[in-house]
Amino acid sequence: MDHSSEGGRVSAVDGYGRIDRWVLRANEAVLVILLIAMAVLVFGNVASRVLSGQSWGWADELARMMLVWLVMSSVGIVLRRGGHLALEIVASSRAPRLSMALRAVVLAVIAAFGLYAIRAGIGYAILGRDQSSPVLSVSYAYVYAAIPFGFALMLYHAARVARDFVRHGVVPSVAQA
């Protein structure tokens, strides 16, 4: 399949590849930013506690909220990189047709669970809209929104690797994405 552009026009495959790379890089950037911000926040809170005997009351609460978003937003990236255990176990099956069928079943289960988690997460966000965190008074709807967001990203990443995973038992490297 030729991915080059002809006469200045970008093929649909190229356009989708560019969008995919953008989504992947944006997802990774958000994870890096959240992780760095959490580390700085927790370190600052510990330093404040040690140096002044005072703790930032809001820091632990915010760090927990950030952790929820970090974990939920990373599910798709882990899947994209082939980091889930079931992918590795199924990929190592010896019978090619059986292995391909098992990989298709695994992806179907992943998709079904992802859709369920999106629906449940939306329900949690709706229930959480009337509850707020004790210190920051942030609606839990914002925290619970990480569930449908993260699983929607997971479904996107699963769709991007599905063909190669089912056919060949490999998850394409991020560089090929």
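Model, not experiment: these values are computed from the prediction. For every chain, the first residue of its written sequence is number 1, and the numbers climb from 1 along that sequence. Confidence filtering applies because this is a predicted model: local features only for residues at pLDDT of at least 70, side-chain atom pairs given and counted only at 80 or more, and all residues used for totals across whole chains, interfaces and linings. Working from all heavy atoms in the structure, the side-chain values ignore hydrogens and water.

Okay, the pattern of salt bridges next. Any two side chains of opposite charge can pair, given that their charged atoms come close. The term salt bridge refers to a side-chain nitrogen of Lys or Arg lying within 4 Å of a carboxyl oxygen of Asp or Glu. Taken as a whole and judged by the stated rule, the model has four salt bridges. Put simply, Asp20 and Arg80 hold a salt bridge, and the shortest N to O gap is 2.5 Å. Remark: Arg80 occurs in helix α2 (residues 57–80) and Asp20 occurs in helix α1 (residues 12–52); sequence separation between them is 60 residues. Of the two residues, Asp20 and Arg80, neither departs from the other in class, the shared state being buried. For the purposes of this entry, the term helix denotes a DSSP run of H or I that reaches at least four residues, the term strand denotes a run of E that reaches at least two, and both are numbered from the N terminus. Residue exposure (1.4 Å probe, protein chains only): buried if accessible area is under 20% of the type maximum, exposed if over 50%, otherwise partly exposed.

With that settled, consider the environment of Ala152. Relative to the helices and strands, Ala152 is located in helix α6 (residues 146–168). Between the C-alpha atoms of Ala152 and Ala111, which are 41 residues apart in sequence, the distance is 9.8 Å.

Helices are assigned an expected span. That span is 1.5 Å times one less than the residue count. Counted at 1.5 Å a residue, the expected span for α6 with its 23 residues is 33 Å, and the 32 Å between its end C-alpha atoms agrees. When the local axis directions of α6 are compared, the greatest deviation, roughly 50°, occurs at Val161. Directly after α6, the chain includes Gly169, whose backbone phi takes a positive value near 75°. Two axes are fitted around each residue, one to the seven residues ending there and one to the seven starting there, and the angle between them is reported as the bend at that residue.

Turning next to helix α4 (residues 96–128). Compared with the 48 Å implied by 1.5 Å per residue over 33 residues, the 47 Å span of α4 between its first and last C-alpha is a close match. Within the sequence span of α4, burial applies to Ser99, Arg103, Val106, Leu107, Ile110, Gly114, Ala117, Ile118, Gly121, Ala125 and Gly128.

In this section: the packing of aromatic side chains. Ring pairs are drawn from Phe, Tyr and Trp, using the six-membered ring of Trp, whenever the two centres fall within 6.5 Å, and their geometry is named by plane angle: stacked under 30 degrees, edge-to-face over 60, tilted for the rest. Under the definition given, this model contains six aromatic pairs. On the numbers, 5.4 Å between centres and 50° between planes, the contact of Trp69 with Phe149 is tilted. On the criterion of sequence distance, the pair formed by Trp69 in helix α2 and Phe149 in helix α6 is long-range, its members being 80 residues apart. Here Phe149 falls in the partly exposed class, since its relative accessible area comes to 41%. Three or more aromatic residues link up through ring pairs in this structure, and these residues are Phe113, Tyr116 and Phe151. Only when the NZ of Lys or the CZ of Arg is both within 6 Å of the ring centre and within 35 degrees of the ring normal is a charge said to sit over the ring. When the ring centre of Phe165 is taken as reference, the NZ or CZ atom of Arg103 above it lies at 6.0 Å.

So, about the side chain of Asn45. Positionally, Asn45 belongs in helix α1. For Asn45, a relative accessible area of 1% translates into the label buried. Of the polar contacts made by the side chain of Asn45, one reaches the side chain of Asp60; its length is 3.4 Å. Pairs of residues are marked as contacts when any of their non-hydrogen atoms sit within 4.5 Å. Apart from residues lying up to four places away in sequence, Asn45 is in contact with Ser55, Trp56, Ala59 and Asp60. In protein, a polar contact means a hydrogen-donor-capable atom and an acceptor-capable atom, both N or O and within 3.5 Å, with residues adjacent in sequence counting only if both atoms are side-chain atoms; elsewhere, any N or O pair within 3.5 Å suffices.

Put simply, a patch holds well-exposed residues, over 30% relative accessible area, that have no salt bridge, with like charges counted together within 9 Å and Val, Leu, Ile, Met, Phe, Trp or Tyr side chains within 5 Å. With residues, only the protein chains shown are counted as cover, and all accessible areas are computed by Shrake-Rupley using a 1.4 Å probe. Judged by side-chain polarity, Val42, Val46, Val50 and Leu51 come together as a nonpolar surface patch covering roughly 400 Å² of accessible area. Inspection of the secondary structure puts Leu51 in helix α1.

This part is about the nonpolar core. Most often, soluble globular proteins have nonpolar side chains that are buried together. Side-chain atoms within 4.5 Å link the members of a nonpolar core, which is a set of buried Ala, Val, Leu, Ile, Met, Phe, Trp, Tyr and Cys residues. In this structure, Met72, Leu79, Leu107, Ile110, Phe151 and Met154 are the most contacted members of the largest nonpolar core, which totals 17 residues. Every element with two or more residues in this core is listed here: α2, α4 and α6. With nine residues, the single largest contributor to this core is α6. If near-sequence neighbours (up to four positions away) are discounted, Phe151 is found in contact with Met72, Val75, Phe113, Gly114, Ala117 and Ile118. In this structure, Met38, Met66, Leu70 and Ile77 belong to the second largest nonpolar core, which totals ten residues.

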